[in-house]
2 protein chains.
Amino acid sequence: MSKGIVVQKYGGTSVTDIGRIKSVAKRVVNTRRAGYEVVVIVSALGHTTDKLIDLAMKITTSPPDRELDMLLSTGEQMSSALLAMAIHKLGQDAISFTGAQVGIVTDGSFTKARIIDINAKRIEEELKKGRIVIVAGFQGASVNQDITTLGRGGSNLTAVALAKVLNAKMCEMCTDVEGVFTADPRIVKNARKIDKLSYEEMFELASLGAQVLQPRSIEFAMKFGVPIHVRSSFSNKLGTIISKEVKAMEHIVVSGVALNKNEAKVTICDVPDKPGIAAKIFKDIAKENINVDMIIQNVSRTGATDVSFTVMGSELNKTIKASKDVAGKIGAGDVTVDKDIAKVSIVGIGMKSHSGVAADMFEALAEKSINIEMISTSEIKISCIVKKSLGEAAVRAIHEKFGLAKSKR
Amino acid sequence: MSKGIVVQKYGGTSVTDIGRIKSVAKRVVNTRRAGYEVVVIVSALGHTTDKLIDLAMKITTSPPDRELDMLLSTGEQMSSALLAMAIHKLGQDAISFTGAQVGIVTDGSFTKARIIDINAKRIEEELKKGRIVIVAGFQGASVNQDITTLGRGGSNLTAVALAKVLNAKMCEMCTDVEGVFTADPRIVKNARKIDKLSYEEMFELASLGAQVLQPRSIEFAMKFGVPIHVRSSFSNKLGTIISKEVKAMEHIVVSGVALNKNEAKVTICDVPDKPGIAAKIFKDIAKENINVDMIIQNVSRTGATDVSFTVMGSELNKTIKASKDVAGKIGAGDVTVDKDIAKVSIVGIGMKSHSGVAADMFEALAEKSINIEMISTSEIKISCIVKKSLGEAAVRAIHEKFGLAKSKR
């Protein structure tokens, strides 16, 4: 009797070479032999994707997106076939598929397609035959059979979507860390692995810079209630389970601290203080497809005010251009840039019902003489902008203040 | 107005690296701009296929055929996408497809599938939009969408099959030589490029060791009357046109000389001379999937005879085993092996209506004191087995005897 379906996703760091492919095969076979039906999603081997992009760039710096998807999708097809071979070698039956073959239907937005439908009939048939099913991550096909890729974190999306359609017991994200931590262990020595997190917390942590999962996959898992297990590819230890909020979670005020050093602050000076002026600014900036994170507008006393906001460093150049354009249009002054910033954030479901959390966070920073430049809050997170050089000290101070090193959940 | 459809196939030697991909793109674009609709079949880049096989072999020496096809088919998909990019870069619209995407339906014999149907609707649609269509060679998909490969020479087969379905004006096989020659130019200095050949002649030449095309593709082209042009990827010179036999061809007695040094001769000694004994021997050998080429049985004077036959060197070991088994069963004597042989053959449509051709060939060899060990003839070819060390001298003597260096067709 089957104990149910488990979806396991192995990312690029888990399949860096043939040796690792063999280790993954053993892990998959062990899960099968423990009585589960197993569907494996696999990323491209090692630096395959980078190498393929290099080849394309030798031909043209602006390849058509459709052809780029044709090219890049081969990486995951290769690793899927190799993993199937390695599982066969261990005496277990396995069969590999491309995204198109298992009916992952997407829209036609090449290089960043969205899944619109999955017909899992073939997977179900193969599972019934007792086979381990391997699916190339990161890819699908449009309704007219053109190959598409799903963009950054696409393999995670494939895993969550298949787990949903197959009604899997668990969607395991097997990676090179043991789970989600209360803070980056490279910064905070006694950072603790978190056993359980709500989707909302994980979503905020991911958005704030935790690298383990992309916000898009978590949003999808949350929407369909797919339970996720972030765990190590190299051990059998339990990792972090991400699921719906349960009562017990509310006792934990703060689950983790995140640090993001990739943002920059842009200030438009001397903005005329008229109704609708902020809307005008951010509408023009949104038109350029720039994602604005935090926004601060000082109260005006002189009829003109400064408007500051943060963006990803990679979008800084086009942001400066757009800001100068809009400053000219509305009769504002200079545009200044500050790249020397870090964003420190705390996340926790319990914040909803606990007051004084923000005050504790600010106090932790004050005790270390760390100045706060900007503040932004949501229901379950608080973010502060500080000087970049003080970011790590800020994380340690907050981790200590909230006593995160002690296990609670 | 379109001048019609041209199918161009570029083999591995034409796309060894990115530089070559760019050259091929130029050639394709020139054909398009000359007014033709162009469908391109492309092989895998350089040593991609070998590298993929190496990866598989690091995992297992006996990978499942289905997974091997999943793996190997990525090579042609990659080169197709890269060629499409290179064509775009030159300002011409191009779109690449896998075999499965353009409806190349095969049976389920992985690693050596046969094409059973082609639905060329998508190709026709794209050609109508003015696009150059690129198809990954060597592959298709079975009726249940499993990816298959077509075996050795598979890209040529893809090209001929698409040329047939699209009713193309010409199927160009673009390669690293300028056409089919009267003999291997490395052996015979004044060997001459042949302008025109019948399918039958090309079929015999290919079967006899000429490397340009596989017998399977020629058989297919012959069956459906697809005109083939074997030409160089690196020049615009006309190569060799292969088409139906026309009256003029009959005036040419001998079209070319071929040499094959990869065969071995096996002799089963003292075979009892009873009716049906040869049938028994070759039925048992055929059971082992061994392709026997020439067969000689001496007239018996003593009640026992020697039976000799030739096989490909790669099949020698299993042939020896099978021969010893059958020798034991029928009460024959020893099995001896001679690897020191070469097969020299002449091919020509004109032989049908000219007598004395064989005599001329034997005379050419006799004049150089080359001894003939075995002889085999068909309607349009004569083959002789000689000592391996004399094979090249034999080719030169015959080329000279029939005056092949002088242009005739």
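Residues numbered from 1 in each chain as written. Chains lettered and ligands numbered in written order. Predicted model: local features only at pLDDT ≥ 70, side-chain atom pairs only at ≥ 80, totals over all residues.

### Structural notes on the sheet that holds strand 13 (residues 256–260) of chain B
Residue and element names in this part refer to chain B.
Moving on, step 1. Pairing is antiparallel in the open sheet, where four strands are placed in the order 13-18-20-19. Of all the strands in the sheet, just strand 13 and strand 19 (374–378) have a single pairing partner and so form its edges. Along the sheet, successive strands turn relative to each other by an average axial angle of 20°, direction set aside.
Moving on, step 2. For strand 19 and strand 20 (residues 381–387), the ladder comprises five bridges, and the chain directions are antiparallel. The residue bridging I375 from the neighbouring strand is C384, located in strand 20.
Moving on, step 3. Across the sheet, helix 6 (residues 199–207) touches strand 13, strand 18 (341–347) and strand 20, and the angle it forms with strand 18 is around 175°.
Moving on, step 4. Here helix 10 (residues 357–367) sits on the sheet and contacts strand 18, strand 19 and strand 20; the angle it forms with strand 20, its principal contact strand, is near 20°. (Pairing = 2+ DSSP bridges. Helix = DSSP H or I, 4+ residues; strand = E, 2+ residues; numbered from the N terminus. Axes fitted to C-alpha atoms, helices over the stretch in contact; angles between N-to-C directions. Contact = placed C-beta atoms within 7 Å.)

### Quick look at helix 1 (residues 18–33) of chain B
Moving on, step 1. Between its first and last C-alpha, helix 1 of chain B extends 23 Å over 16 residues, near the 22 Å set by a 1.5 Å rise per residue.
Moving on, step 2. Those residues of helix 1 of chain B that fall on the buried side of the exposure criterion are I21, K22, V24, A25, R27, V28 and R32 of chain B.
Moving on, step 3. Looking at the buried positions of helix 1 of chain B, the neighbouring elements they touch are helix 2 (48–59) of chain A together with strand 1 (5–10), strand 2 (37–42), helix 3 (65–89) and strand 6 (132–136) of chain B.
Moving on, step 4. In the segment just after helix 1 of chain B, G35 of chain B is the residue with positive phi, at about 105°. (Expected span 1.5 Å × (residues − 1). Buried ≥ 20, exposed ≤ 12 C-beta atoms within 10 Å, placed from the backbone.)

### As for the sheet that holds strand 15 (residues 292–297) of chain A
Residues and elements named next belong to chain A.
Moving on, step 1. Taken in spatial order, the four strands make up an open sheet running 15-16-14-17, and their pairing is antiparallel. Only two strands of the sheet have a single partner each, and these edge strands are strand 15 and strand 17 (335–338). When the angles between neighbouring strand axes are averaged without regard to direction, this sheet yields 20°.
Moving on, step 2. Judged from the eight bridges that link them, strand 14 (residues 263–272) and strand 16 (residues 304–312) form a sheet pairing that is antiparallel. Counterpart to I268 in the pairing with strand 16 is V307.
Moving on, step 3. Strands strand 14, strand 16 and strand 17 of the sheet are contacted by helix 9 (residues 316–330), whose axis makes an angle of about 5° with strand 14.

### Quick word on the relation of the copies chain B and chain A
Moving on, step 1. For the match of chain B to chain A, the screw axis carries a shift of 0.0 Å, the RMSD comes to 0.0 Å, and the turn is 180°. The relationship between the two copies is best expressed as a two-fold rotation axis. The rotation axis passes nearest to the C-alpha of T74 of chain B in chain B, at a distance of 2.7 Å.
Moving on, step 2. Of the interface residues in chain B, 100% have counterparts in chain A that sit at the interface too, so the contact is made through matching surfaces. (Least-squares fit on C-alpha atoms with pLDDT ≥ 70 in both.)

### What to know about the interface of chain B and chain A
Moving on, step 1. Across the boundary between the two partners, chain B contributes 27 residues, which contact 27 residues of chain A.
Moving on, step 2. Put simply, the parts of the chain that give the side of chain B that touches chain A at least two residues each are helix 1, helix 2 (48–59) and helix 3 of chain B.
Moving on, step 3. Broken down by element, the side of chain B that touches chain A gets its largest block of residues, 14 residues, from helix 3 of chain B.
Moving on, step 4. The residue inventory of the side of chain B that touches chain A, partitioned by class, reads 15 nonpolar, eight polar and four charged. (Nonpolar A, V, L, I, M, F, W, Y, C, P; charged D, E, K, R; others polar.)

### Description of the packing of helix 8 (residues 277–287) of chain A against helix 9 of chain A
Residues and elements named next belong to chain A.
Moving on, step 1. Viewed as axis vectors pointing N to C, helix 8 and helix 9 meet at an angle of 145°, and their least axial separation amounts to 9 Å. Here helix 8 runs over helix 9; the crossing is right-handed. Every residue of helix 9 that contacts helix 8 at I277, K280, I281, D284 and I285 is listed here: T319, A322, S323, V326 and I330.
Moving on, step 2. Residue classes in the contact of helix 8 with helix 9 are distributed as six nonpolar, two polar and two charged. (Left-handed = near helix turned anticlockwise from the far one by under 90°.)

### Some remarks on the environment of V105 of chain A
Moving on, step 1. Considering the arrangement of structural elements, one finds V105 of chain A in strand 4 (residues 104–106).
Moving on, step 2. Once the C-alpha coordinates of V105 of chain A and I147 of chain A are considered, the two residues, 42 residues apart in sequence, prove to be 9.6 Å apart.

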